Structure formats: C-alpha cells, structure tokens
Number of protein chains: 2
Amino acid sequence: MHKILAVLSLILISRGLKAQEPAKILSSVFDEALTDRTAYNNLEYLCKHTKGRIAGSPAAEKAIEYTKQALIGAGADTVWLQKVPVPHWVRGIEKCRVTSSVLGRKDLAITALGLSVGTDEKGITSKIIEVHDFEELKTLGLQGIQGKIVFFNRSFDNKLINSFSAYGGAVNQRTMGASEASRYGAIAVIVRSMTQSLDNFPHTGVTRYADSINNIPAVAVSTLDAELLSQWMKTDPALNVHLVSTCRNYPNTLSYNVIGEVYGSLKPYEYITVGGHLDAWDIAEGAIDDGGGCVQAIEMIRIYKKLGINPKRTVRAVLFMNEEMTSTGGKTYAEEAKRKGEVHYAALESDRGVMSPLGFEFDADGPKLEKLQTLASWFAPYNIRDFDKGGGGSDIAPLKALGALQIGYIPDSQRYFWYHHSANDTFEQVNIRELQMGSAAIASLIYLIDLFDL
Amino acid sequence: MHKILAVLSLILISRGLKAQEPAKILSSVFDEALTDRTAYNNLEYLCKHTKGRIAGSPAAEKAIEYTKQALIGAGADTVWLQKVPVPHWVRGIEKCRVTSSVLGRKDLAITALGLSVGTDEKGITSKIIEVHDFEELKTLGLQGIQGKIVFFNRSFDNKLINSFSAYGGAVNQRTMGASEASRYGAIAVIVRSMTQSLDNFPHTGVTRYADSINNIPAVAVSTLDAELLSQWMKTDPALNVHLVSTCRNYPNTLSYNVIGEVYGSLKPYEYITVGGHLDAWDIAEGAIDDGGGCVQAIEMIRIYKKLGINPKRTVRAVLFMNEEMTSTGGKTYAEEAKRKGEVHYAALESDRGVMSPLGFEFDADGPKLEKLQTLASWFAPYNIRDFDKGGGGSDIAPLKALGALQIGYIPDSQRYFWYHHSANDTFEQVNIRELQMGSAAIASLIYLIDLFDL
C-alpha cells in the first residue's frame, strides 16, 4: 500500500510538473532567443564574409568552415561535415542592350539564371518576342519564334495573399522557359524577375534544360526594365537586343553539408532534423535565403545547451549545401541516413525567410494533424497562430520516404520576394527580433514534438 | 397567400445574398487594395515632399494641402479642413561632446526632445550621472544630482513579445525624465533613445514638464552612443559633457485636421471615423509614424468609391494634426463633434506602423467584444487572426466620451521601434504589400462593423 501511494504520488508530481513545465521551458527559450545576439552575429558573418556562397565557390567553403565552428561554439555534442557532390557553375560577363531605330539605346539590368549556358563574348543580337505563358509559344510556333530571343513577361498575381503562391504561379517561366522556347527554335530567353517589387534588381534562380533540347542562354531582367522593354516593343516591335552572358558550367565538384547534433537522452537513435541551406546565390549576401534558416538551426542547439534542455531524441542542425541548384545536399543526407538505417522521426526546414513567425505547416492529415494543431495553444503567448497542413521544404523532402514528419517554418511572406535571389538580399534587410522570434519558435516546436511524441 | 410567398422568397433571396455578399465584398476590397499603387504613391509624396511635417511647420501645411487633394481624388463626397490650435516648437543647433582626461573626446548622436527647452548657443558643460529609473533619482537626492546632467539609460525589456509593451516600460524616462530630474536640481537630461535597435539614430519624442518645475533641456542619445557613454563613465566617472540644444518654443499657431467623408446611405448622421495622424517628427519622413495610417484612411475612401460600397453610416477619413506634441487634433475633432451633437458610432486609429496586419483591438467587453470577435472568421482567408480586447489610440480617445467604439489597427510590431521618431523612419522602410494588406483590412473591418451594426 505504501509503495502504491509512493508510486501514485510520484505520478501525480510528475504530471503536475509536466503541465507546468512546457510553458516554463517555452518562456525560457523565448527569453534566451530574444536577449542574445549570437544568431544575428552569425548571420552578419555569413552575409558580409561569405557573400555569394553558391555551391562549389570559395565563399561556400568559407561558410562551411565558419558554421562548423559556430556549431561547436553552440555546444553541439558532435559536429561533422558530410560530403556532397555539387555542380560548379560560374557567372561571366553580362550585358543586355536594346537598340531601337525609333527610341534609341538602353542597357537592361540582367543576371544569368543559375546553371544556364552562356553566349560567347561577342554575344548574340536578335529580334525579340514577348510572351506570357507556354500556350503563347505554341500559338506562335516555329514560324514566330525561330531565331529570336523570347521575353517571358508574366508578372506575379498580386491578388494572391500568400506571396509564395504568387511565386508558384510565375516561376515556370524561369525554371522551364528556356527549354520550352528552345523547342520552337528560340536562341535565348529573357525572363521577368520573380518578384512583386518594381525595382532594378534582377533576380536569378535555377533554370533547367529538358533532355534532348538545344540548351539556350537564359537571363532574368529586373521588373522595371521588363516594363520598359515591353513598352519599347509596343512602339518598335522590330527593335534589336544584344545579349552577352558568358557564364559556364564546369565539371561537378565536392562540397559539404554541415551537421551538429545534441544527443538524445532516451532515444538517441531516433533523429529530428532542423535545417536551412547554407548555399546562396552568387549575387546575394543570402540573409533571407537562407542564411537566416541556418543560424536559426544553430541557435536551437545553442539554446538547448545553454538552458540544459535534453531532448529524448537526437536533434540535429543540418546546414544543407546546394539547395539552389540541384538539391544534392538534401538528397545526400537522406541517402546516407537510409544507408545507415537511421530512424528519422521528424524534419523541419526554415527556408521561407526570416520575417516574424506566423507558425508552421505539417505534411500530415487526420488525427495526426489534429494532434499537431493542439500545439498552437503553447504558442498563443507569442502570437504564433498558424498550425496548418502544408509542406516542409526541398532539403528535407527526401527524408519523407524514411518516415520523417515534414514540417515547414512559416514566417510572414509579404516582403520575401523583394530580396529573394537578388543583390537586395542583404543582412540589413533582416530585423534581429524577427529572426530571434523565429529561432525561439523553431526551438520550442521541436522541443514539444519530441516531448509529446507527436 | 401569394403575397406571403412573395415576401418570404424575397426574405430568403436577400438572406442568401447577405450570406454571400460580405465575403465577396471583402475579396473585392483586398483585390483592389493589392493591385493599386495610389496609397503607396501618396505615402511617397508625404515622405519625400513633406518630410518633417511637425505641427506648425511649412511641411505640415504642404501635407495638409496634398492630402486634401488626395481625398478629393479618392472621390470623397465632402472634404474639408478643421482648424486646430497647435504648439510651435523649432529645433536648433544640437551638439553633445564628451570630454574625458583619460579617454579623450567623443561627439554623441543626439536629438532634442519635442517641446523641450533649449540651452543658449554656448551650451552647458557639466558632470553627468547615469540613472535607470526615478527611484534612483530619489536615492541620489539633491546632493548627488544638483548641477549635473542626468543620463537616463534604461533599455527596452527585450523579453516582452509586444514591442509596444517594451516601449511602455521605458518611455517615462523620455516623457517625465526632465521633470523628475529637475526636482533634484539637474541642469539637463540625456535620455537613451526609445528603441530596441543598437544603432546611431537618436529618436526624439515629446517630453512634458510638470507645473512649478524648472524646465531643463532634454535630448535623446542614440542607443550605441548611450552604451558608449555608459562605458566611458565606468572608466572615468569625472568626465565632462558639453551640451548645446538651441531649440525654442514659440507662441501657439493654427493648423488643420484634414477630413474627407463618404455619406451614409441609411444613417448619414451617424459617423464612423478612421484616422491616422498627419504630423510627423521634424527629423523623420514619417512613413511608419504615421504617413502610413493617413494614406490607409484615404485608401478606404478610394476603395469604397471605386467599388461602389455604400456604407449605411457616414464614414470619415480623418488625418489628425499634432498627435506628436499635444494631441490637439484629436481633442478638437471630438469637441466639435460634441458641439454639433454628432452621433459617433465607432472610431478606428492606424498609428502602430504599417507592417503586415495581425488584426484589431477593441475597447469593449462581454457580449459586445464577443460579437466583434466573430468578425475574425471573415478575415481568415487573409491570415488576419487577432481580434482582442485593447485600445484605439490617442487621437480617437476623446471620442470615447461620445460613445464611439474604440478600435486599434494592429500590425506586426517587431521592427516598429527601429524607425519610430527617428531619421530612419523613411519611405524605403515600408513594403507596399504590407501597407496594402493593412488598407484592405481596415476598409473591410469598417464595412463589416457598419453592415452588421456591431
């Protein structure tokens, strides 16, 4: 009887603690994140000293070394580098001049699309034709397109509330435009930058060539210059464009994912992955995309160690390499996990910017999703409200086949595409509190998912 | 029987319409706001051509003229100016040099506090003493303070999630610091800027002198220089500060509230007021505080007229003058309303910045608040979630006595104080979509409150 009472009271005490504990822990996590500048300072370093760290570049190597040290500094139990095969693409000279016998001359603000082939140094000169979607290409056919430069000028649909939906509705011009135009004999494509902003920053991003298609040069033009080009073409449809883009693809090379982990106290052989991608476009400081996601993952480790939070499962911060071009960082990480027979419980990606947190998306349904949505109540004091069905991100997607719950960190999206993939993605665009709130939200969510076995 | 059926079917039809209509109208309001640049262009004009439009300044006069025309352009049924008595305070030469026999010399980034008295052109030179609250003043007493400059250096509590709460916890140093220090014989005060940011922008704001107190000069110092000054004082407590601030108070003058209205279709003699304040600190472009609130109020009128939305009550956009110094714009507006016996149904203020909308606060309780909170469901498609108890704002507060429901527009607050009352409050800090989302939210809320008689 004595023994039963003792056990009962232990259960009651531990339950009492449990009801209090998560709220207290979350409060400590937010306090720590909001009063410490380590993550912000890490981001400043990545932006100012490893700017343009596209996979295969010397800047990427420097970022790998820095974040490895940052993870050690954060107190990770183990830190290591994981080999990743990556493409090696290098931007060249870029120039785009419009010449009209009616209107005169104008140089456009352009940037080559990632992985695109280039022109020679003399470049190409040609007539240009404006289209808005692939249907128009079909209508124009070989006759209308062959030998010309195709100008894709479909803008974002500003009526869409979520900026990522607007991006989703426009981005095939950038990813597939060169291939589609090439089918009809186009000699190059100029794509309106993927942004809602009207300014003079051209936004790069990857383009992909379909098999057995003549690979043609592809560049993005700033939205203001896209508007101007379109206007000029209305006045003078016969204007000429001279395009130079001497970017080149070199043989694949080797880079690394950077991984740091906190050992699980109860189930060390189950893993929870939290990551962003360490590579950034060569023209950007990569603050918003995605230095922020990287320093938030490192910050989670720092906070757990500082506050003595011991997750049951092993929690990893993974800074993926080469998300921007061919996502080999994420693929390699999942392949290695499979090869080793690792159990991957959940994975969270922070790659939608570092604005104020709205919440999280979960790739789950039914009772599983409902359980995850009950977590919202813990976040009410922090004004984090959205616990919706949705996706994780491209780096963690390959872990889905291993059973890992896919989680996306969702900050406010309204101004994200002002910066994305452009020289306007700088450290100065990040507000320290918005970054810190995100770090706290991520560290808290992972703590709760592990604690409650969700 | 025929007649009853006809009436019944009319009721059913109108109910059917009603259930659909608000959602459709809100959708049109958001579409219109998100695809039109008028509000953003109005804000650019206010920032770039009426910069520093503190009440009584020539820039304020220009802003009055511009926004009057903007309201006419928006299609307001009537537009008029309402006389407002305002103070006339003018900044002078400002200089603050620290001299230490140990550390050398350093000029600090300072700005005079609004309505503060000045020094003469030679300025004052004195020892300085650092305090963090009024209790410390009491402890130091006359003996510790008399003849010295008091340096208030209490920073924001970064652990507070809502930045306005952090501001609330620090701002009495700015508003009352001079009066409190003067009681103990201080000859001037230097106040740490009211911001969480660590940078070199000094932030101004109003200071108030208690009656029968010797009015002493008051300036704000940038947070980075506050940190530096504090460090220097630790090394050399005997350092000297030389302070010049030749600002002056002149006799009161006259300015105007700018008012535009859409006549009510059913209850034209009941009013709903939507406003921001047109004045801005003399050192700022006043984009965030509060050009944004003004152009959102004008935009509501434009949207109603463009879409043919006919509110039952008369809806007014009111651009209040002189919120920053003595709030006479709001007081005058309410006094006039009382004098004329106007019925004021509700009033909304947008003066917490122009970041992405979180929601609204209502000064209501019980069933009234619960009814207002049901409005949240209409805003779910726009990710606007917060419908909480709270306040409106200082310009509409005097309307409370007339029975007007007080409503505050609540955007995300995290980065607000980076800009507030400083030269960093510029047009470039505003994202067009965040501004537009706010305009749509405000126009939608007022439409629903009027429609449902909430």
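Rules of the game
Residues numbered from 1 in each chain as written. Chains lettered and ligands numbered in written order. Predicted model: local features only at pLDDT ≥ 70, side-chain atom pairs only at ≥ 80, totals over all residues. Helix = DSSP H or I, 4+ residues; strand = E, 2+ residues; numbered from the N terminus. Rg over C-alpha atoms; globule rule 2.2 N^0.38 Å. Buried ≥ 20, exposed ≤ 12 C-beta atoms within 10 Å, placed from the backbone. Contact = placed C-beta atoms within 7 Å. Domains from an automatic or database assignment. Expected span 1.5 Å × (residues − 1). Least-squares fit on C-alpha atoms with pLDDT ≥ 70 in both. pLDDT = per-residue confidence, 0-100. Pairing = 2+ DSSP bridges. Axes fitted to C-alpha atoms, helices over the stretch in contact; angles between N-to-C directions. Parallel < 35°, antiparallel > 145°, perpendicular 65-115°, else oblique. Left-handed = near helix turned anticlockwise from the far one by under 90°. Nonpolar A, V, L, I, M, F, W, Y, C, P; charged D, E, K, R; others polar. Core = buried A, V, L, I, M, F, W, Y, C linked by C-beta atoms within 7 Å. Right-handed = clockwise from strand over helix to strand, strands pointing away.

Details of the overall build of chain A
Argument step 1. When helices and strands are counted, chain A shows 12 helices and 16 strands.
Argument step 2. Expected size for 454 residues packed as a compact globule is a radius of gyration near 22 Å; at 24 Å, chain A falls within 12% of this value.
Argument step 3. Going through the 454 residues of chain A one by one, you find that 54% of them count as buried.
Argument step 4. For chain A, restricting intrachain contacts to residue pairs at least 6 apart in sequence, the fraction spanning at least 24 positions comes to 82%.

Overview of the domain arrangement of chain A
A common way to express how large an interface is: the accessible area buried when the components associate.
Residues and elements named next belong to chain A.
Argument step 1. Structurally, chain A comprises domain 1 (26-89 + 251-451) and domain 2 (94-246).
Argument step 2. For domain 1 versus domain 2, the distance between C-alpha centres works out to 33 Å.
Argument step 3. Between domain 1 and domain 2, the contact holds 17 residues from the first and 17 residues from the second.

What to know about helix 12 (residues 432-451) of chain B
All names here are of chain B.
Argument step 1. For helix 12, spanning 20 residues, the distance from its first C-alpha to its last is 28 Å, which sits close to the expected 28 Å at 1.5 Å a residue.
Argument step 2. With 18 of its 20 residues buried, helix 12 lies for the most part within the structure.
Argument step 3. Positioned one or two residues after helix 12, D453 has a phi angle of 55°, which is positive.

Description of the relation of the copies chain B and chain A
Argument step 1. Relative to chain A, chain B is turned by 180° and slid 0.0 Å along the rotation axis, the superposed coordinates differing by an RMSD of 0.0 Å. Between the two chains, the operation in question is that of a two-fold axis. Closest approach to the rotation axis among the C-alpha atoms of chain B is made by R385 of chain B, whose C-alpha sits 3.8 Å away.

Observations concerning the interface of chain B and chain A
Argument step 1. At the interface, 21 residues of chain B touch 21 residues of chain A.
Argument step 2. By residue number, the principal contributor to the side of chain B that touches chain A is helix 12 of chain B, which donates three residues.

Overview of the confidence of the model for chain A
Fine structural detail should not be taken from predicted coordinates in areas where pLDDT scores are low.
Residues and elements named next belong to chain A.
Argument step 1. Confidence along chain A averages 95 in pLDDT terms, with 96% of residues attaining 70 or more.
Argument step 2. Under a pLDDT of 50 for its full length, residues 5-17 has, in the predicted model, zero contacts with residues more than four places off or in other chains.
Argument step 3. Interface predicted TM-score (ipTM) for the complex: 0.93; the corresponding pTM is 0.94.

A closer look at the sheet that holds strand 16 (residues 405-411) of chain B
Residue and element names in this part refer to chain B.
Argument step 1. Reading across the sheet, the eight strands line up as 1-10-12-11-13-16-14-15 and stay open at both edges, with mixed pairing between neighbours. The open sheet has two free edges, formed respectively by strand 1 (78-90) and strand 15 (386-389), since each of these has just one partner strand. Between one strand and the next, the sheet's axes are offset by a mean angle of 20°, whatever the strand orientation.
Argument step 2. With four bridges joining them, strand 14 (residues 357-362) and strand 15 adopt parallel strand pairing.

Description of the packing of helix 3 (residues 58-74) of chain A against helix 8 (residues 287-307) of chain A
Residue and element names in this part refer to chain A.
Argument step 1. Taken N-terminus to C-terminus, the directions of helix 3 and helix 8 make an angle of 20°; their axes are 8 Å apart at the nearest point. The orientation of helix 3 with respect to helix 8, classified from their angle, is roughly parallel. Where helix 3 crosses over helix 8, the two elements pack in a sense that is right-handed. Along its contact with helix 3, which presents T67, A70, L71 and A74, the element helix 8 presents C294, I298, I301, R302 and K305.
Argument step 2. A breakdown of the residues in the contact of helix 3 with helix 8 according to their chemical character gives six nonpolar, one polar and two charged.

Thoughts on the environment of S101 of chain A
All names here are of chain A.
Argument step 1. Here S101 lies in the loop between strand 2 (94-100) and strand 3 (104-107).
Argument step 2. C-beta crowding within 10 Å serves as the criterion here: with 9 such atoms nearby, S101 is assigned to the exposed category.
Argument step 3. Between the alpha carbons of S101 and N240 there is a distance of 9.0 Å; along the sequence they are 139 residues apart.

A closer look at the nonpolar core
Argument step 1. Membership of the largest hydrophobic core comes to 136 residues, with the highest contact counts inside it found for I149, V189, V219, I298, M300, A443 and I446 of chain B.
Argument step 2. Element by element, the count of residues in this core is highest for helix 12 of chain B, at 11 residues.
Argument step 3. Residue contributions to this core reach at least three from each of two domains, namely domain 1 (25-89 + 252-451) and domain 2 (92-246) of chain B.
Argument step 4. Ignoring anything within four residues of it in the chain, the contact list for M300 of chain B reads V274, A317, S439, I442, A443 and I446 of chain B.
Argument step 5. Of all hydrophobic cores here, the second largest spans 135 residues; its members include I110, L137, V295 and Y345 of chain A.

Here we look at the sheet that holds strand 9 (residues 240-245) of chain B
Residues and elements named next belong to chain B.
Argument step 1. If you trace the eight strands from one edge of the open sheet to the other, you get 3-2-9-5-6-7-8-4, paired in mixed fashion. Strands at the two margins of the open sheet, each flanked by one partner only, are strand 3 (104-107) and strand 4 (110-112). Across this sheet, the average inter-strand angle for adjacent strands is 30°, counted without regard to direction.
Argument step 2. Relative to strand 7 (residues 188-192), strand 6 (residues 149-152) runs parallel, the two sharing four bridges. For F151, the partnering residue across the bridge sits in strand 7 and is I190.
Argument step 3. Those strands touched by helix 4 (residues 134-145) are strand 5 (124-131) and strand 6, and its axis lies near 150° from that of strand 5.
Argument step 4. On the sheet, helix 6 (residues 172-182) packs against strand 6, strand 7 and strand 8 (218-221) and is oriented at approximately 155° with respect to strand 7.

Side note on the packing of helix 2 (residues 38-49) of chain A against helix 3 of chain A
All names here are of chain A.
Argument step 1. Between helix 2 and helix 3, whose axes approach to 10 Å, the crossing angle comes to 165°. Taken as axis vectors, helix 2 and helix 3 run roughly antiparallel relative to one another. Every pair of crossing elements has a handedness; the one defined by helix 2 and helix 3 is right-handed. In this structure, helix 2 uses N42, Y45, L46 and H49 to contact helix 3, whose residues at the interface are K62, A63, Y66 and A70.
Argument step 2. Considered class by class, the residues forming the contact of helix 2 with helix 3 number five nonpolar, two polar and one charged.

Details of the pairing of strand 5 of chain B
In summary, the side chains of a regular strand alternate between the two faces of the sheet.
Residues and elements named next belong to chain B.
Argument step 1. Across four bridges, strand 5 lies against strand 9 in antiparallel orientation. Paired with I124 across the strands is L243, a residue of strand 9.
Argument step 2. As paired strands, strand 5 and strand 6 are joined by four bridges and run parallel to one another. Bridge assignment links I128 to a residue of strand 6, and that residue is I149.
Argument step 3. Chirality of the crossover, the property in question, places the unit of strand 5, helix 4 and strand 6 among those that are right-handed.

Description of unusual backbone geometry
Argument step 1. Here the amide bond leading from D289 of chain A into D290 of chain A is cis, since omega sits at 5°, within 30 degrees of zero.
Argument step 2. Locating D290 of chain A in the fold gives a position in helix 8.
Argument step 3. Even without being a glycine, L115 of chain A presents a positive backbone phi close to 75°.
Argument step 4. With respect to the helices and strands, the residue L115 of chain A is situated in the loop between strand 4 (110-112) and strand 5 (124-131).
Argument step 5. For L115 of chain A, a count of 20 C-beta atoms within 10 Å corresponds to the buried category.
Argument step 6. Even without being glycine, N322 of chain B reaches a positive phi, approximately 65°.
Argument step 7. Summarising the element assignment, N322 of chain B is placed in the loop between strand 12 (313-320) and helix 9 (328-340).
Argument step 8. For N322 of chain B, a count of 27 C-beta atoms within 10 Å corresponds to the buried category.

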